[in-house]
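Fold and geometry: a report
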Amino acid sequence: GHETTGDALCWTWYLVAQHPEVERKLLEEVDRVLSGRVPTVDDLPRLQYTGQVIDESMRRFPPAWSFRRASVGEDELGGFRIPADSVIIISPYVNHRLPRFWNEPERFDPDRFLPELEESRDTYAYFPFGGGPHTCIGKHLSLVEVKVAAAMMAQQYRFQLIPGQTIRPLPRISL
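Since the model is a prediction, treat every value here as computed from it, not as a measurement.

1. What to know about the overall build of the protein chain
- Within the protein chain, the regular secondary structure consists of six helices and four strands.
- Oriented by its inertia axes, the alpha-carbon framework of the protein chain measures out at about 55 × 40 × 30 Å.
- Sorting the 175 residues of the protein chain into buried and exposed places 39% on the buried side.
- Look at the contacts in the protein chain between residues 6 or more apart in sequence, and 69% of them connect residues 24 or more apart.
- For the protein chain, the accessible area works out to roughly 10,800 Å², and carbon and sulfur atoms hold 56% of it.
- Taking the 20 positively charged and 24 negatively charged side chains of the protein chain as two groups, their mean positions are separated by 3 Å.

Here it is, written out as structure tokens:
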């Protein structure tokens, strides 16, 4: 899981570097909650905006961009027949960009993850760790790691993109 956690941090800072208002709110929260000290487990719930930034980053660039499942029986999905024992590729990367779930899906907006909006979101509109019985076993550890690391990095660094660079996702095992 270290690679996917690192990928989540890279994409988060890539997006934050392009959105000064998001960076300002993130830094304000980290300063207010931590006052310059190392975060503890008790701080995690109070780093709410930091979590929203991470969630929105993983919506745009989920480290586990696709995974495979096998159909256990014949089925139909969206008008397509799926034979038994078919290999099915599921892609959070694609799903997280569907306009039926996300207004302006290419826009980076951490407010999509305000707590009061979570209940109204379709179950599988956002699933960077998979879902159901196959949800990643490391989900909760990863979310703690990424939030702690992001907060600590925000205390020490400001990230800027090198002008003239073209950044594109490279879909391999992770993104």
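2. Some points on the packing of helix 1 (residues 2–17) against helix 3 (residues 48–60)
- In contact at an axis separation of 9 Å, helix 1 and helix 3 are set at 100° when each is read in the N-to-C sense. It follows from the interaxial angle that helix 1 and helix 3 lie roughly perpendicular. From helix 1, Ala-8, Trp-11, Thr-12, Leu-15 and Val-16 reach across to helix 3, where they touch Val-53, Ile-54, Ser-57, Met-58 and Arg-60.
- Split into classes, the residues belonging to the contact of helix 1 with helix 3 amount to seven nonpolar, two polar and one charged.

3. Digging into the packing of aromatic side chains
- Under the counting rule described, the total for this entry stands at nine aromatic pairs.
- Ring plane angle 45° and centroid distance 6.2 Å describe the contact between Tyr-157 and Phe-159, whose orientation is recorded as tilted.
- Using a relative accessible area of 49% as the deciding quantity, one classes Tyr-157 as partly exposed.
- An aromatic cluster is defined as three or more aromatic residues linked by ring pairs; in this entry it consists of Trp-11, Tyr-14 and Phe-61.
- A cation over an aromatic ring shows up here: Arg-59 above the ring of Trp-102, its NZ or CZ 5.1 Å from the ring centre.

Cut-offs used in this document
- Residues numbered from 1 in each chain as written.
- Predicted model: local features only at pLDDT ≥ 70, side-chain atom pairs only at ≥ 80, totals over all residues.
- Heavy atoms only, no water.
- Helix = DSSP H or I, 4+ residues; strand = E, 2+ residues; numbered from the N terminus.
- Buried < 20%, exposed > 50% of the residue type's maximum accessible area, 1.4 Å probe, protein only.
- Contact = heavy atoms within 4.5 Å.
- Areas by Shrake-Rupley, 256 points an atom, 1.4 Å probe, with all protein chains shown as cover.
- Lys, Arg positive; Asp, Glu negative; His and termini not counted.
- Charge placed at Lys NZ, Arg CZ, Asp CG, Glu CD.
- Axes fitted to C-alpha atoms, helices over the stretch in contact; angles between N-to-C directions.
- Parallel < 35°, antiparallel > 145°, perpendicular 65-115°, else oblique.
- Nonpolar A, V, L, I, M, F, W, Y, C, P; charged D, E, K, R; others polar.
- Phe/Tyr/Trp six-rings, centres within 6.5 Å; stacked < 30°, edge-to-face > 60°.
- Lys NZ or Arg CZ within 6 Å of the ring centre and 35° of its normal.

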